[in-house]
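# Descriptive analysis of the structure
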Amino acid sequence: DADGLATNTSSTVYSNNKDYITWKNVSTDGGTGAIDSFSDNNITHGFRSANDNDYMECINCMAQSHYYGFYRVAYLTDCVALAHYYAIYQGYLVDRCIAMSGYTGIFGVDLVRNSIGHGASTGFYNNDVVLNCTGLGGISFRPYAGDFIYNCSAEFGSYGYYGGFNTNASQNGMISSSFVTH
């Protein structure tokens, strides 16, 4: 805007419906607007793709101090996200990444592998397949409706692995060869 500051709904990097954009070694910092009260939420994005199927890719990138660190970025490799609400939100593949946030570290991704997820609420939430990862947070891992967690470690949380929203087996994920330490 006119004063050179971001607005309260801005995206630092946005695909704007362009397909197959790859970002390498890019760091984003901030994304704020005017705050009028303690309950204001500035919905900002570090890297934002309009849709998963824009196939945006980030390699060795960092997003910090945004509401969403990486939003619907299809492929993340060797990235770091430090966000207020969701560090990584939706996508196809997250590999060798670190995600930390005030709510959920990694949410709604098709395949997460070899990564660390931390959220004050949940480290890994509603991801289809989570493989060889370490989860931290109130709930380290929360699978739902056919999600799979393999060879993972839950550390220092209130709940290492937390099921679906009821006792119906079809709404709970599968956890195999994983452990909890406290």
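All figures in this text were calculated on a predicted structure; none of them were measured in a lab.

Conventions used here
- Residues numbered from 1 in each chain as written.
- Predicted model: local features only at pLDDT ≥ 70, side-chain atom pairs only at ≥ 80, totals over all residues.
- Heavy atoms only, no water.
- Helix = DSSP H or I, 4+ residues; strand = E, 2+ residues; numbered from the N terminus.
- Buried < 20%, exposed > 50% of the residue type's maximum accessible area, 1.4 Å probe, protein only.
- Core = buried A, V, L, I, M, F, W, Y, C linked by side-chain atoms within 4.5 Å.
- Contact = heavy atoms within 4.5 Å.
- Polar contact = N/O pair within 3.5 Å; in protein donor to acceptor, adjacent residues only side chain to side chain.
- Pairing = 2+ DSSP bridges.
- pLDDT = per-residue confidence, 0-100.
- Patch = residues over 30% accessible without salt bridge, like charges linked within 9 Å, V, L, I, M, F, W, Y side chains within 5 Å.
- Areas by Shrake-Rupley, 256 points an atom, 1.4 Å probe, with all protein chains shown as cover.
- Salt bridge = Lys/Arg side-chain N within 4 Å of Asp/Glu carboxyl O.

### Observations concerning unusual backbone geometry
You will see that Tyr20, though not glycine, has its phi angle at about 60°, which is positive. As for its position among the elements, Tyr20 is in the loop between β1 (11-14) and β2 (22-24). Tyr20 sits in the exposed class, given a relative accessible area of 59%. Unusually for a residue other than glycine, Phe156 sits at a positive phi of about 55°. Along the chain, the position of Phe156 falls in the loop between β15 (153-155) and β16 (159-161).

### Some details on the nonpolar core
The biggest cluster of nonpolar side chains holds 27 residues, and the ones touching the most others in it are Cys58, Phe70, Leu76 and Ile88. Looking at this core, the elements that each hand over two or more residues are β6 (62-71), β8 (80-95) and β10 (104-113). Looking at this core element by element, the count peaks at 5 residues for β8. Contacts of Ile88, omitting those with residues within four sequence positions, involve Phe70, Leu76, Ala81, Val94, Cys97, Ala99, Gly105, Ile106, Phe107 and Val109. Judged by nonpolar contacts, the second largest core, of 7 residues, contains Tyr68, Tyr86, Phe107 and Tyr125.

### Things to note about the side chain of Gln90
Tracing the chain through its elements places Gln90 in strand β8. At 2.7 Å, the side chain of Gln90 and the side chain of Arg72 are in polar contact. Setting aside chain neighbours within four positions, we find Gln90 in contact with Asp52, Arg72, Val73, Phe107, Gly108 and Val109.

### Quick word on the pairing of β6
Looking down a regular strand, the side chains alternate between one sheet face and the other. Burial of β6 is extensive: 7 of the 10 residues sit out of reach of the surface. Pairing analysis gives 3 bridges linking strand β3 (residues 27-29) to β6, with the strands arranged parallel. Within the sheet, the bridge partner assigned to Thr28 lies in β6 and is Ala63. By the bridge criterion, 3 bridges tie strand β4 (residues 45-48) to β6 in an arrangement that is parallel. Along β6, the bridge assignment pairs Arg48 with Tyr71. Note: β6 against β8, 7 bridges, orientation parallel. Its bridge partner being in β8, Tyr71 is matched across the sheet by Tyr89.

### Details of the confidence of the model for the chain
Within the chain, residue pLDDT values average 87, and 87% of them lie at 70 or more. The weakest mean pLDDT in the chain belongs to strand β18 (residues 179-181) at 83; the strongest belongs to strand β7 (residues 75-77) at 98.

### Looking at a nonpolar patch on the surface
A surface patch of nonpolar side chains, about 220 Å² in accessible area, is lined by Ile98, Met100 and Ile116. Mapped onto the elements of the fold, Met100 is located in strand β9 (residues 98-101).

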